[in-house]
Structure formats: structure tokens, C-alpha cells
Amino acid sequence: MDTILVSSLPSSDFLLSSLSVQSFGAFGVVTGTILVSFASTIGASLAFLVSRYLFKDLIQSRFTQQLASINEGVKKDGAFYLFALRLVPAFPFFIINLVMGLTPIKTWTFYWVSQVGMFAGTIVYVNAGTQIAQLDSLAGIVSPEIILSFALLGVFPLIAKKFIEYLKKPKHFDTNLVVIGAGAGGLVSSYIAAAVKAKVTLIEKHKMGGDCLNTGCVPSKALLRSAKMLSYMKRASEYGFKNASVEFEFAEVMERVQRVIKQIEPHDSVERYSKLGVDCIQGEATITSPYTVEVNGKQITTRNIIIASGGRPFVPPIPGLEESGYLTSDTIWNLRTLPKTLVILGGGPIGCELAQAFARLGSKVIQIQRAKHIMVREDTEVSEIIEAKFAKEGIKVLTSHKALRVEEKQLICEHEGKEVSIAFDEILVAVGRAANTMGLEKLGIKLTARGTVAVDQYMRTNIPTIYACGDVAGPYQFTHTAAHQAWYAAVNALFGKFKKFKVDYSVIPWTTFTDPEVARVGLNEQDAKRQGIKYEVTKYGIDDLDRAIADEEAHGFVKVLTKPGKDKILGVTIVGHHAGDLIAEYIQAMKWGIGLNKVLGTIHIYPTLTEANKYAAGEWKRAHTPAKVLKWVEKYHAWQRNA
């Protein structure tokens, strides 16, 4: 046993590593601890000085730019970082000694922090060594002293970690919750916190309401409505009119969009949320620690933080695109002159909605899609219906076209191995959105492969006091899912010590507001096939619906996926007039486990479009009629006639 060395200590720096445990037995815990403590710190300091004088100038001169932020951090909090590393050794101590020698930390600071930081660990390890040195038989291994010593070796890192967390944690908090971003997720989080009487601070860099109010849902739906009115004029003969016309200025249509935004603005305003009890601050927020946020030069201490910083249009690195003066869903609302030819990159919801709106307003629209179909998240039959509608309205949809570069006002694409040139006046980039992560990865917050903030089932990041919701977290980038996630983020942040709630993604609906609209909840066929889920399809054509016929909107369908032989709904796709409203019944049915039998048994007002939901359930019922039972029923009725 006298060959067991002190090198079992957490650092290989200890100069006394060659001392035997018998020596500790001679010195005792107190004297041994003092000797080892000073010797190890002196050894660490010597390694530090060697690194500093041999390598510091070389490394600092070669990597000046890369090391700037590290040097700044060391100057500000170097002593604390070193103390934490000494107390909870995440890396071998000899590496810490060498690396710290390359930084601006002062030698004296390095020495005394190392002395203090390693002292507690030294006590634990020397105590264990002393107990081992005093063994005189194998039976002594199970003595309370030995067991306690080794137990201390195991729990010391945990205790040290908790101690570091305690040192980092402020002793007083300015607020219970800081929310970064005043879009849908941030507003709902703040509203919930204020409703339960927590002190909450909401920080917004730009405009209250976020993308949805200012550049997304609200302006796009306002524009679509104006375009819809024009489409009705063109369809006047369908409604019994010989002709109809309307005069308009594009600039006035766009001003109406802004008027709608202004009218809705009070719902998301600073005034409203201030009255609700939310402290609203305009400025750029920077998370400086798990408990602090800096805004406008002021540090705010908080129990928890919710990141709801949203997203932004993703702009692919296409050569020449930057010089073309491209538009995005953020900037297109600044237009006051209608583009003669508008090229739209992207076949997703944003690209499709704006393609139809601008085509109806009079632009020649060319939509470029890399995939074989637009609206790739939907079943092929859905995409084909929308593509046919677009073609009828004069929209040129170019699928299987890969954008290569932009040359002046020409988009060069690759199609079937050949280059195709497409002229435009304006080009709109609508190929997706990227999360506004604000450099969070530098704080140690993990991101997903998609570039969103990684959160667990409680909307919590890998830092326990920091949560995220909305577009910045994904995986769904919808206003309603941001609000949905916000409830879980806020409640778990405020009350997670007592009860945590897992976010529920089982019923996520969405609508693409083209004409016809495309609404979906749950699985469609391509999703079910990809996931290997067995299903049955029931389909009802809305062209047979009385109200749709009366409205001259007799097109589209309701498609329901159910479990084979059961009426349990797995997913619904509706294509048609007001599909986004019609699907609400199925959303509720899926949420609360209501099957098609109960949908069929519910009274629906006649004549309304919602009857399509009941008739779809009726189609399912007819397909599942028990044929054998009906044969016996038929015989019963025949007997009744002759009885």
C-alpha cells in the first residue's frame, strides 16, 4: 500500500506526487494538506510561467483577431473562470496551466486563485490518502472512515459544481422573467407571466408584434384580400353579371396593407402590455450569463430567460443576387410600384401566396421551384390542384429549376442539364426562414442541425434557466405554434420547480392561404408512408356541396386519414374555399379523441361549407357498413312486409 501515490489528486501538477501514502500518515491530514497545497500551486505556477515566456507572444501575435474576445473575457472575469476550473476540473490541470499562461491574466492572480481553488480538493484527496496509509489489515477497507473518505471523493465534484453555481447566481433578482423578442412567442410568454403576477421584462429590438404583425401574417392576408376582390371582378360572369371592372392604384393597395397593420397594432402595443403589468424595453438584448441580460447598457438580473427572437428570411448564396436588389417577405411591403415581371424563388407557403396575390394585381409572375412540385409538404394531388389554378391565372410555375446565378436582371437556372435565362423587374426570395440565434452558441447554448435553438420537451435549453419558443426554436414556424410553445416556456420557467409540462405537438394545424386554401392537421399520405403508419383514406369532393355550388366555389376536397377499420382520425387535408376555417372541427376532434362517428352524429347547419366535414364522415361510414348485418336486416324487413 505504501506505493499508492498522491498523483490521484485532480492535478498532475503536484510536486509531492512522488510522496507515498505512508508519508501522509506521518504528516497527518492538516500538515499533508498544507504541503501538497503549496507544492501543487507552486508547480502549477512554474508551468504557467514557462508557457507565458516561451509561447505567449508568438500565439498572441499570430491569432490576435481570434483571441480578442477571449482576452477581453479573461481581463474581465479571468479570476472567476480559473477558480471554477480549479474547483471543478473540466480539463486536466496541466492544460489549464499552459493555456492560462497564454492569456493576459496576471501571475499573482493566477497563483492565489489556484491556491484557493485547489485547496478544497486537496483536503479531500489528502484525507483519502491518509486513511489508506493507516490501514493495517484488509478488514480496515470497510471501516466507516475509509468508506466516508471514498464517498467524499465521489461527491466532491458535484458539491464543487453546486458551489460554483451558487457563486454565479445573483443574490437578488430585478425580475422573475426576461423575455427577448415581442413577436407571438414573446408576447404570449409575457402575457402569461404578468397574468400570474410575476415581474416580467419584455425586450424588443425593432417593432412590437414581430414578423407576424409587421411583415408576415397580417400584411400578407390584407394583400391577399385585396387581390381576391380583383379576382371576383374577373369572375363576374360566373355570378350572373355581364361585366365588372375596378380601377386601382397599386400604391393605394399597399397603403391599405399598412392601414390594416396600424389598426391591429394596439393589440400588440407597448401601451397595452404595460397596462397588463409587463415592463417593455426597446433595445438590443444580450444574454451575459444564465441570470443576466444587458440592454441599453443596463444589466438586468432575472430568475429565468425566454428567447423568442423569431426568424428572418433565408437568402441563399446565389452569385449576383445581392447586387440585384432582391426582395424578401420583410421588404416587399415597401413596394409602391407594381413590378411588370416578378420572379419568385421558392414554392413554399410564402412564395405561393405572394405569387397569386401579385399575379391578380397585374404582375407577370414566374415562380421558380427546385423540387418537382410546389408546396412539397403536401400530397402531390394538392400541389397539382394549386399548380393548375396558378396556370389558369397566368402564373408560370417552373419546377425542377435550380437557381445558379443572377446577371443584372436575368436569373440563370439549370433545368434538365441546360441553362435557362429568366428576365425580371423584381426578384422575391422566399425559400425559407432562418432562426435569429443572436450568437447564442458563444454562450454555450446548443443549436440544432437546422440552426434553431435546441430545446427539450419543456422548451428549456441546455442551460436550465434559459428557455426558447417560436421560430427561433422550431420545429414549426407558425404564429400559432409560437403562441402554443410560449405557454409551456412561461409556465415551466416560472413554476418548473413544482410542476413541469411537456409540450404537446400531437395536433399541429396550418393553412396556406392560396385560392383555394390548403389546410392540414396531422398526417397526410406522404407523411404516413414515410413513417410506416398504416392508414385508410376517405375523400369527399366539395364540388358536390350545396353551399359551395351556390357560392361558385364548388372545387376541392376533404381527405381524412384514419386507422384501418377504425374511425380514429390520423390527419386531415382540406383544399377549398375557407379551408382554414373548415379544418377547425377536425383539429378539435383530433385534440380530444373524437372519431368520425361522432362528427357524423353532430348537427351541422344547412347550407354551410362545414357540412363538408359531416359528409366526409358519412363517406367513411358508408365504406364501413357491415354488409352481413345489412343482409339480415334486409331479410327482416321482407319478413315484416309479409307478416
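In this text the structure is predicted, and so the values were computed from the model without any measurement.

The rules we used
Residues numbered from 1 in each chain as written. Predicted model: local features only at pLDDT ≥ 70, side-chain atom pairs only at ≥ 80, totals over all residues. Heavy atoms only, no water. pLDDT = per-residue confidence, 0-100. Contact = heavy atoms within 4.5 Å. Phe/Tyr/Trp six-rings, centres within 6.5 Å; stacked < 30°, edge-to-face > 60°. Helix = DSSP H or I, 4+ residues; strand = E, 2+ residues; numbered from the N terminus. Buried < 20%, exposed > 50% of the residue type's maximum accessible area, 1.4 Å probe, protein only. Salt bridge = Lys/Arg side-chain N within 4 Å of Asp/Glu carboxyl O. Pairing = 2+ DSSP bridges. Axes fitted to C-alpha atoms, helices over the stretch in contact; angles between N-to-C directions. Patch = residues over 30% accessible without salt bridge, like charges linked within 9 Å, V, L, I, M, F, W, Y side chains within 5 Å. Areas by Shrake-Rupley, 256 points an atom, 1.4 Å probe, with all protein chains shown as cover. Expected span 1.5 Å × (residues − 1). Arc of directions from axis to C-beta. Core = buried A, V, L, I, M, F, W, Y, C linked by side-chain atoms within 4.5 Å.

To continue, consider the confidence of the model for the protein chain. Here the protein chain averages 86 in pLDDT, while 82% of its residues score no lower than 70. A low-confidence stretch, residues 1-25 stays under pLDDT 50, and its non-local contacts, those more than four residues away or across chains, total 56 contacts. Segment residues 138-142 is flagged for pLDDT under 50; beyond a separation of four residues in sequence, or across chains, it makes six contacts in the model.

As enumerated under the stated definition, the model contains nine aromatic pairs in all. Considering the side-chain rings of phenylalanine 250 and phenylalanine 358, the 5.8 Å spacing of their centres and the 50° angle between planes classify their relative orientation as tilted. Here phenylalanine 358 lies in helix 11 (residues 349-361) and phenylalanine 250 lies in helix 9 (residues 250-264), a separation of 108 residues in the sequence. Neither residue differs from the other here; phenylalanine 250 and phenylalanine 358 are each classed as buried. Ring geometry for phenylalanine 478 and tryptophan 510: centres 5.5 Å apart, planes at 20°, overall stacked. Pair noted here: phenylalanine 478 is in the loop between strand 16 (466-468) and helix 13 (479-495) and tryptophan 510 is in strand 17 (residues 509-512), with a separation of 32 residues, a long-range link. Judged by relative accessible area, tryptophan 510 falls into the buried class, the value being 9%.

Below, the discussion takes up the environment of valine 343. Counting through the fold element by element, valine 343 comes out in strand 8 (residues 341-345). We classify valine 343 as buried; its relative accessible area is 0%. Valine 343 sits 85 residues away from leucine 428 along the chain, and the two C-alpha atoms are 6.2 Å apart. When residues no more than four places from it in sequence are discounted, the contact partners of valine 343 are Ile366, Ile368, Leu411, Ile422, Ala423, Phe424, Glu426, Ile427 and Leu428.

With that settled, consider the pattern of salt bridges. By the definition in use, this model includes 25 salt bridges. Two residues, arginine 235 and glutamate 553, come together in a salt bridge whose shortest N-O distance is 3.2 Å. Remark: glutamate 553 occurs in the loop between helix 15 (546-550) and strand 20 (557-562) and arginine 235 occurs in the loop between helix 8 (217-234) and helix 9; sequence separation between them is 318 residues. Accessibility assignment for this pair places arginine 235 and glutamate 553 in one class, buried.

Taken together, four strands build an open sheet; the order of strands is 10-9-8-14 and the sheet is parallel. Across the chains shown, the open sheet's two edge strands, defined by having one partner strand only, are strand 10 (396-398) and strand 14 (426-429). Recorded for the sheet is a direction-independent mean angle of 20° between the axes of neighbouring strands. Bridge analysis of strand 8 against strand 14 gives four bridges, and the strand direction is parallel. Paired with isoleucine 344 across the two strands is leucine 428, which belongs to strand 14.

Glancing now at the environment of proline 475. By the element assignment, proline 475 lies in the loop between strand 16 and helix 13. Here proline 475 falls in the partly exposed class, since its relative accessible area comes to 47%. C-alpha separation for the pair proline 475 and tyrosine 505, spaced 30 residues apart in sequence, amounts to 9.9 Å. Apart from residues no more than four positions distant in its own chain, proline 475 is found in contact with Arg450, Gln485 and Tyr505.

A word on the sheet that holds strand 13 (residues 418-423). Pairing is antiparallel in the open sheet, where three strands are placed in the order 11-12-13. In this open sheet, the two strands that pair with only one neighbour each are strand 11 (402-407) and strand 13. For this sheet, the mean angle separating the axes of adjacent strands, direction not counted, is 30°. In the sheet, strand 12 (residues 410-415) pairs with strand 13 via six bridges, with the strands oriented antiparallel. Directly across from isoleucine 412, in strand 13, lies its bridge partner serine 421.

So, about a nonpolar patch on the surface. Judged by side-chain polarity, Phe38, Ile42 and Leu46 come together as a nonpolar surface patch covering roughly 280 Å² of accessible area. Mapped onto the fold, leucine 46 is located in helix 1 (residues 21-62). Accessibility expressed as a relative area gives 49% for leucine 46, which makes it partly exposed.

The linkage connecting aspartate 515 with the following residue, proline 516, adopts the cis geometry, with an omega of 10°. With respect to the helices, strands and loops of the structure, proline 516 is situated in the loop between strand 17 and strand 18 (517-522). For the bond running from tyrosine 606 to proline 607, omega is -10°, close enough to zero to count as cis. Inspection of the secondary structure puts proline 607 in the loop between helix 18 (596-600) and helix 19 (611-623). Positive phi is not limited to glycine here, since histidine 578 has a value of about 60°. Considering the arrangement of structural elements, one finds histidine 578 in the loop between strand 21 (569-576) and helix 16 (579-582).

Over its 13 residues, helix 12 (residues 380-392) runs 18 Å from end to end, which matches the ideal 18 Å to within 8%, given 1.5 Å per residue. Within the sequence span of helix 12, burial applies to Val382, Ser383, Ile386, Glu387 and Phe390. The arc that holds the buried residues of helix 12, viewed along the axis, is 130°, so those residues lie on one side. Across helix 12 from its buried face, at more than 90 degrees, point the exposed residues Ala391 and Lys392. Of the residues trailing helix 12, glycine 394 is marked for its positive phi of about 90°.

Once that is clear, we can look at the nonpolar core. Among the nonpolar cores identified, the biggest contains 46 residues, and Leu202, Ile203, Ile287, Val293, Ile306, Ile307 and Met459 are the most heavily contacted of them. Top element by residues in this core is helix 13. It accounts for six residues. When residues no more than four places from it in sequence are discounted, the contact partners of isoleucine 203 are Val178, Val179, Ile180, Gly181, Ala182, Ile281, Gly283, Ala285, Val293, Val295 and Ile300. Within the second largest apolar cluster, 37 residues are counted, among which are Leu223, Val260, Leu327 and Phe557.

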